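# Examination of the molecular architecture
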Amino acid sequence: MITEFNGEFLTDDTIVSEELSFKRIDDPSVLPGRISTEKTVYVVPSLSADFFLLFPTARAIVTTAGSPLSHLAILAREHNIPVFLAQNVDLNSLDSEGRCTLIAQ
Amino acid sequence: MDEKLVHNPSRFSELFNRVARESTESMEKRLSGGFFARVKFEGKLRAYLMAGYRSTYTRLRDFTLPDREERTVENIQKLVNTFKEIYPLIVFNNIALARIAPDGSFTVEVMTKEDEKNRILREFSEGSATCEEFKEQFGHYAFNGYEAQERRFSEYDCEELKKFGDIISQVPHQVKLSLGEYMEEKTGAATPSHLVGIRELGKNQALKIVSAIRDELIRLEKLDTFESSVFDHSYEDMIRL
């Protein structure tokens, strides 16, 4: 199943329409064991700077809360990593990993 | 959707979300309120962007934790009151930042506290800084840092911290001015870099308060008999003790 994230980019990015793999990360303290070896879309609960640790392998970062002025969004812009605010996601019911597409509205 | 200061807060740390929410709502109310309240607030914002940000910078830079008392509960009260003084400075600064750069399309030209934290962690991973140096400067930080229940970096093993440093060292880094140098160099109206730097300086100081509150709560847990974790009690429960 492909999860469709609908929302808007908080960074200056255009539509990333291809199918991508994603991982849900709720707690950054577990990251050393959860980081992917290949570029991945990370789904996180906030744009806390804690998630800076995702940058080496982030294809994009999807969140359900935050703004263009959130610290992680500012940092992501500097590192050319798209940040996407998904308005249709219930993080509690989202699988811990899977395939997804980002649909900017 | 708005970001919460503390994600999945413990009962005690709901306090920090409440302080953040009340502070934000109070300022937003003035921005959207009656004519005179709005004019007054707009004037305050303009003054902040012209020069006022510099006194907030100085106040945050020179901040020190309040002196400790004998009684743990009094210390917690004192620290919470200090948090209530410091946090609105961050909220107001955020409103000012949103006023001059609402879409976030700017480059931060200063090394923020968060950048400094990552730099020392990277240097520790690469062998040019020690674990103790990192803990001395950023031991009060934590993941989900405004959650008092969260273990502080000072409580981590150096091996654990090195794993985070190893990850961070894979991210390209840029050499930037320190906030102090930038403040000296750019003395005119506030830029986004000033305000992002001040925000992160404020966070650094606010986390010192949260970390000190955590220490007091752990001390209290050792003194008193709690049926559950001390963090499962609200702040109001604590001050009734």
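This one's a predicted model, so the numbers in the text were calculated from it and none came from an experiment.

What counts as what
- The residue numbers shown here count from 1 along each chain, following its written sequence.
- Each chain is given a letter, starting from A, and each ligand a number, starting from 1, according to the order in which they appear as written.
- Restriction of local features to residues with pLDDT of at least 70 applies here, the model being predicted, together with a cutoff of 80 or more for giving and counting side-chain atom pairs; totals for whole chains, interfaces and linings are based on all residues.
- Excluded from the side-chain calculation are hydrogens and water; included are all heavy atoms of the structure.
- The buried label goes to any residue with under 20% of its type's maximum accessible area, the exposed label to any with over 50%, and the partly exposed label to all in between, with areas taken from a 1.4 Å probe on protein chains only.
- Numbered from the N terminus, helices here are DSSP runs of H or I no shorter than four residues, and strands are runs of E no shorter than two.
- Whether two strands pair depends on DSSP finding at least two bridges between them.
- The predictor rates its confidence in each residue with pLDDT, a number between 0 and 100.
- Two residues form a contact once any of their heavy atoms are found within 4.5 Å.
- For any pair of parts, buried area is found by adding up, for both, the accessible area (1.4 Å probe) each one loses once the two are put together.
- Every case where a carboxyl oxygen of Asp or Glu lies within 4 Å of a side-chain nitrogen of Lys or Arg is listed as a salt bridge.
- Residues are grouped as follows: Ala, Val, Leu, Ile, Met, Phe, Trp, Tyr, Cys and Pro are nonpolar; Asp, Glu, Lys and Arg are charged; every other residue, Gly included, is polar.
- Each residue is assigned a bend, namely the angle between axes fitted to the seven residues that terminate at it and the seven residues that start at it.
- Note on geometry: axes are C-alpha line fits, over the in-contact stretch for helices, and angles between N-to-C directions span 0 to 180 degrees.
- Whether two aromatic rings pair depends on their centres lying within 6.5 Å, for rings of Phe, Tyr and Trp, where Trp uses its six-membered ring; planes under 30 degrees apart make the pair stacked, over 60 edge-to-face, and the rest tilted.

What follows deals with the pairing of strand β2 (residues 20–24) of chain A. Regular strands place their side chains on alternate faces of the sheet. All names here are of chain A. For β2, the tally of buried residues reaches five of five residues, placing the bulk of the element in the interior. Alternating positions in β2 separate into two faces, Leu-20, Phe-22 and Arg-24 on one and Ser-21 and Lys-23 on the other, with burial throughout. Bridging between β2 and strand β6 (residues 97–104) involves four bridges; their strand directions are antiparallel. Within β6, the position partnered with Phe-22 by the bridge is Gly-98. Sheet topology note: the β2/strand β3 (residues 40–44) ladder contains three bridges and is parallel.

The subject of this paragraph is the confidence of the model for chain B. Residue-level pLDDT values for chain B average 94, and 99% of them are 70 or greater. Predicted complex metrics record ipTM = 0.89 and pTM = 0.94.

A separate point is the interface of chain B and chain A. Where interface size is given, it is often the accessible area lost as the parts come together that is meant. Facing the 35 residues of chain B at the interface are 27 residues of chain A. Carbon and sulfur atoms supply 63% of the area buried between chain B and chain A, which totals about 2500 Å² over both sides. Three residues stand out in chain B for area buried against chain A, namely Glu-3, Phe-143 and Ile-167 of chain B, and they jointly supply 23% of the buried area on that side. Scanning the region where chain B abuts chain A turns up one salt bridge. Between Glu-78 of chain A and Lys-176 of chain B there is a salt bridge whose closest N-O contact spans 3.1 Å. When residues of the side of chain B that touches chain A are traced back to their parent elements, those giving at least two are α3 (72–100), α4 (113–126), α6 (158–168) and α8 (192–223) of chain B. Per-class residue counts for the side of chain B that touches chain A are 16 nonpolar, nine polar and 10 charged.

Residue and element names in this part refer to chain B. The sharpest bend along helix α2 (residues 35–61) comes to roughly 75 degrees, located at Ala-51. Phe-41, Leu-45, Tyr-48, Leu-49, Tyr-53, Thr-56, Tyr-57 and Leu-60 are the residues of α2 that are buried. Buried residues belonging to α2 abut α1 (14–31), α3, α7 (179–185) and α8.

Let us look at the environment of Phe-106 of chain B. Within the secondary structure layout, Phe-106 of chain B lies in the loop between α3 and β1 (110–111). When near neighbours in sequence (up to four residues on either side) are disregarded, Phe-106 of chain B contacts Leu-69 and Ile-74 of chain A together with Leu-97, Ala-101, Pro-192 and Val-196 of chain B.

This part is about the sheet that holds strand β5 (residues 83–86) of chain A. Residue and element names in this part refer to chain A. The six strands are arranged β1-β5-β4-β3-β2-β6 in a closed barrel whose pairing can be described as mixed. Taking each pair of neighbouring strands and ignoring which way they run, the sheet shows an average axis angle of 45 degrees. Examined bridge by bridge, β3 and strand β4 (residues 58–63) share five bridges and lie parallel to one another. Counted as the bridge partner of Val-41 is Ala-60 from β4.

Let us now look at the packing of aromatic side chains. Here a ring pair, both rings aromatic, is described through the centre-centre distance and the interplanar angle of the planes. Under the counting rule described, the total for this entry stands at 19 aromatic pairs over all chains. Centre to centre, the rings of Phe-5 of chain A and Phe-22 of chain A are 5.7 Å apart; their planes meet at 75 degrees, and the pair counts as edge-to-face. Placement of the pair is Phe-5 of chain A in strand β1 (residues 2–9) and Phe-22 of chain A in strand β2, with a sequence separation of 17 residues. When the centroid spacing of 4.9 Å and the interplanar angle of 75 degrees are considered together, the rings of Phe-9 of chain A and Phe-84 of chain A count as edge-to-face. In this pair, Phe-9 of chain A is assigned in strand β1 and Phe-84 of chain A in strand β5, connecting sequence segments 75 residues apart. Note on Phe-9 of chain A: relative accessible area 13%, which makes it buried. Aromatic ring contacts, followed pair by pair, group Phe-134, Phe-138, Tyr-141, Phe-143, Phe-153, Tyr-156 and Phe-164 of chain B into a single cluster.

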